[in-house]
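Chain by chain, the residues:
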Amino acid sequence: MSTSQPWLFAALLAGAVSVGVAAWLYHWVHQQDAGSKRAQEVASWIREGARSYLRRLYLTLTFVAAGLGVIIAIVFAFDIEHLGTGAVQVDPLRGGGMALAFIAGAICSAVAGYMGMTVAVAANVRSATAALESINRAFKVAFYAGAVMGLAMVGLAVIGMSTIYLITGDPEIVLGFSFGASSLALLAKAGGGIYTKTADIAADLVGKVEIGIPEDDPRNPAVVADNVGDNVGDVAGMGADIFDSYVASTVAVMLLGASLFVHETALQARYTVFPLILCTLGIISSLIGIQFVRVGKNGKPGQALNMGTLITCAIFVVLAVAVVLLGGYNLGVLWPTLAGLATGIVIGFTSDYFTSSEYRPVLETASVSGSGAAINIITGFSYGLISIVPSIIGIALATLISYYLAERSGLSGVYGVGISAVGMLSISGMIVSSDAYGPIVDNARGIAEMSGMPKEVIDTADVLDAAGNTAKAITKGFAISAAALTVLALFAAYAEVVGTRGVTLTISLRHPVVIVGVLLGAMTPPLFSALTMLSVTRNAFKMIEEIRQQFHQRPGILAGTETPDYAACVDLAAQGALMSLVLPAFLAIVLPVLVGFILGPEALGGFLGGSIFTGIIFALLMSNAGGLWDNAKKFIESGEFGGPGSDAHKAGVVGDTVGDPFKDTAGPSLNTLITVMSLVSSLFAPVIAAFRLF
């Protein structure tokens, strides 16, 4: 491992710098003006609600992580190489190391999410206050706060992976780190998504549709829970989600590098560490690119975010070319890196086209809303389906280009596909910074309205918020597409691990067990989506009843003479979200293991394939359609097609309500679901190969 050690130390240094810059930005945000006493009071409600939920979530996840850690420690204490042969040896150090790596992954993911959420609930009121001065100032506060999340996430991920590999030299132990991050990410994202959409739907349906009050009117008992949800779902949850994809893609390639070059020690070290090199270059590129994100004289924050992404990509390309050429690496790693990055950009801007209020899909959906909610929903859903096409073509092209160019250069094609996923996610520091900006400006708009700031501030916040919705859609496109390539690499890693047990996978559709596996896998993402969205509707129903009851029993709320009971709605959302996580966790962690043990490795391979196909389709559809409906509603609220209170607006609110669990609950959780299932399969592959019924 000596030839790769300098790069591992460089990765550790880059990770430390990234976390350090995140800490400096955290401090800078806290130095900004927190605004009036009323604005600070409103912000404190949101802050306390978010912290309360995360405390309960992380307490629950602590027990889950501890239980899984014990299971992993026991299973991997056995000598996997001889498991089932009668020559079993016990190695407690390996089992303990795997369990510690698992727990470290969960902790790093939680810390990144908590850092991002903590600065977000401090930045929302400061961004709203800065909007009194200018849109440029408000944008800077919100984006720098988002950058805390982005830089902390990639920094902690690289530090964790590099440290574990430096200590153990075993990428399978790093796989435990990835599984820990993914397990927490799935539950954090699904739980946060259920929480935020429970409150959002309840607040919209009663406040806007039934009563006719504005979105963030302080008379609405659910308005604080709605703003809390933006933080626990779109900041802490999404941060954990991207952390998961980022780590899983890197670990998948490390596993492939270790297995494919097992007979060439020097090459094995170089190509096992290469994905960490790309992560290091991505951190450097993001640190530089963030400095170029500025709102120009035209006052368009969306353009500023896009420009920052493009500059970051350009810097990364230059650095990657230099490292590959000067470092003597095979060109077969360069082309997949560039193909993955280019595909990520194309898919991201495809999401921009289908979700931005500047283009036809949103404009047409808004224009037909005057004919009712049904037409709004049909139009938005149809464009959501169309949005799948360029993304799937992009993923297919990236897969083919990466595979065959790597093969022509003398490397494994599967290794090339894995590298393309790392290339796509390499600039996650910049991508997540833009994503976390979205919920911060959304909260800023809510605080501006609830604290009675001038209409000009609310209008400025609306402009910032529209760009934030598009940024979130672009991030989801990146994450979903990278998940597709990552799970392909993880699938190959699964096959390699099973192969070391003397089992050659033959995944043929002529084999009935494989067909059963494919069908079960294809069934899982739709079922997962249904369970999470039904949780939203059940919890929203309870909150709607609570809101109606408060309005009925306390007339002073609507008269503006009495403060609603915000805490009741916050508590309802938190309890409902946590209670709804049991079945999704079972599907992700237990179902793949059951399929493997009962039906065998081939069936599990088919299961993973089926889950990839439907998971990517559903994730793209839901994320893009939901973002489209949201911005169509906001476009109408800007005064177009009758403006607020019109028939078009009421239809837009209904469409947005349908899209809320699409884009913020089920859709972005699906890429984490298929990643977790792939990681579980790879992690337990040796045990499945040794002990199976068929």
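Residues numbered from 1 in each chain as written. Predicted model: local features only at pLDDT ≥ 70, side-chain atom pairs only at ≥ 80, totals over all residues. Heavy atoms only, no water.

Trainee: Describe the packing of helix α9 (residues 334–355) against helix α12 (residues 413–425), listing the residues and the values that go with them.
Mentor: Viewed as axis vectors pointing N to C, α9 and α12 meet at an angle of 50°, and their least axial separation amounts to 7 Å. The angle between α9 and α12 places the two elements in the oblique class. The element α9 and its partner α12 pack so that their crossing is right-handed. Counted together, Pro 336, Thr 337, Gly 340, Leu 341, Thr 343 and Gly 344 of α9 and Gly 416, Ile 419, Ser 420, Gly 423 and Met 424 of α12 form the full contact between these two elements. Of the residues contributing to the contact of α9 with α12, the split by class is four nonpolar, seven polar and no charged. (Axes fitted to C-alpha atoms, helices over the stretch in contact; angles between N-to-C directions. Helix = DSSP H or I, 4+ residues; strand = E, 2+ residues; numbered from the N terminus. Parallel < 35°, antiparallel > 145°, perpendicular 65-115°, else oblique. Left-handed = near helix turned anticlockwise from the far one by under 90°. Contact = heavy atoms within 4.5 Å. Nonpolar A, V, L, I, M, F, W, Y, C, P; charged D, E, K, R; others polar.)

Trainee: Tell me what's going on with the packing of helix α2 (residues 37–75) against helix α6 (residues 223–260), and back it up with residues and numbers.
Mentor: At a closest axis distance of 8 Å, the pairing of α2 and α6 adopts a crossing angle of 50°. In this view, α2 runs oblique relative to α6, as classed from their interaxial angle. Between α2 and α6 lies a crossing of right-handed hand. Contacts between α2 and α6 involve Trp 45, Ile 46, Gly 49, Ala 50, Tyr 53 and Leu 54 on the former and, on the latter, Val 224, Asn 227, Val 228, Asn 231, Val 232 and Ala 236. The residue makeup of the contact of α2 with α6, split by class, is nine nonpolar, three polar and no charged.

Trainee: Kindly report on the pattern of salt bridges, identifying the contributing residues and their values.
Mentor: Once their charged atoms are close, side chains differing in charge can pair, the charge on each being opposite to the other. The final tally for this structure, using the stated rule, is 16 salt bridges. Residue Arg 38 is joined to Glu 41 by a salt bridge in which the shortest nitrogen-to-oxygen separation is 3.2 Å. On the criterion of helical spacing, the pair formed by Arg 38 and Glu 41 is a turn pair, its members being three residues apart in helix α2. When its relative accessible area of 32% is taken as the criterion, Arg 38 is described as partly exposed. Of the residues examined, Glu 41 reaches a relative accessible area of 36% and is grouped as partly exposed. Among the ionic pairs, Asp 459 bridges to Lys 455, the shortest N-O distance being 3.0 Å. Of this pair, Asp 459 and Lys 455 both sit in helix α14 (residues 455–499), separated by four residues, roughly a single helical turn. Asp 459 gets classed as partly exposed once you look at its relative accessible area, which sits at 35%. According to the relative accessible area criterion, Lys 455 is exposed, its value standing at 57%. Within this structure, Lys 197, Asp 200, Asp 630, Lys 633, Lys 634, Asp 656, Asp 660 and Lys 663 form a network of salt bridges that share partners. (Salt bridge = Lys/Arg side-chain N within 4 Å of Asp/Glu carboxyl O. Buried < 20%, exposed > 50% of the residue type's maximum accessible area, 1.4 Å probe, protein only.)

Trainee: Describe in detail a nonpolar patch on the surface, supporting the description with residues and values.
Mentor: Together, Leu 325, Leu 326, Leu 331, Trp 335, Val 389, Ile 393, Leu 397, Ile 401 and Leu 405 make up a nonpolar patch on the protein surface, roughly 840 Å² of accessible area in all. Among the elements of the structure, α8 (301–326) and α11 (373–408) are those that each provide at least two residues to the nonpolar patch. With five residues, the top contributor of residues to the nonpolar patch is α11. Mapping Val 389 onto the fold places it in helix α11. (Patch = residues over 30% accessible without salt bridge, like charges linked within 9 Å, V, L, I, M, F, W, Y side chains within 5 Å. Areas by Shrake-Rupley, 256 points an atom, 1.4 Å probe, with all protein chains shown as cover.)

Trainee: Can you break down unusual backbone geometry residue by residue, with the values?
Mentor: Positive phi, close to 50°, is recorded for Phe 641, a residue that is not glycine. If you trace the backbone, Phe 641 turns up in the loop between α19 (601–637) and α20 (647–683). Judged by its relative accessible area of 40%, Phe 641 is partly exposed.

Trainee: Lay out the side chain of Gln 32 in plain terms, naming residues and giving numbers.
Mentor: The topology assignment puts Gln 32 in the loop between α1 (5–30) and α2. Here Gln 32 falls in the buried class, since its relative accessible area comes to 13%. A distance of 2.9 Å separates a polar side-chain atom of Gln 32 from the backbone oxygen of Trp 28. (Polar contact = N/O pair within 3.5 Å; in protein donor to acceptor, adjacent residues only side chain to side chain.)

Trainee: With reference to specific residues and values, describe the environment of Ser 426.
Mentor: Its location among the elements puts Ser 426 in the loop between α12 and α13 (428–450). With 109 residues separating them in the primary sequence, Ser 426 and Val 317 have C-alpha atoms 11 Å apart. Ser 426 has contacts with Tyr 246, Leu 278, Gly 282, Ile 283, Phe 316 and Leu 341, leaving out every residue within four places of it along the chain. A distance of 2.7 Å separates the side chain of Ser 426 from the backbone oxygen of Gly 423, its partner in a polar contact.

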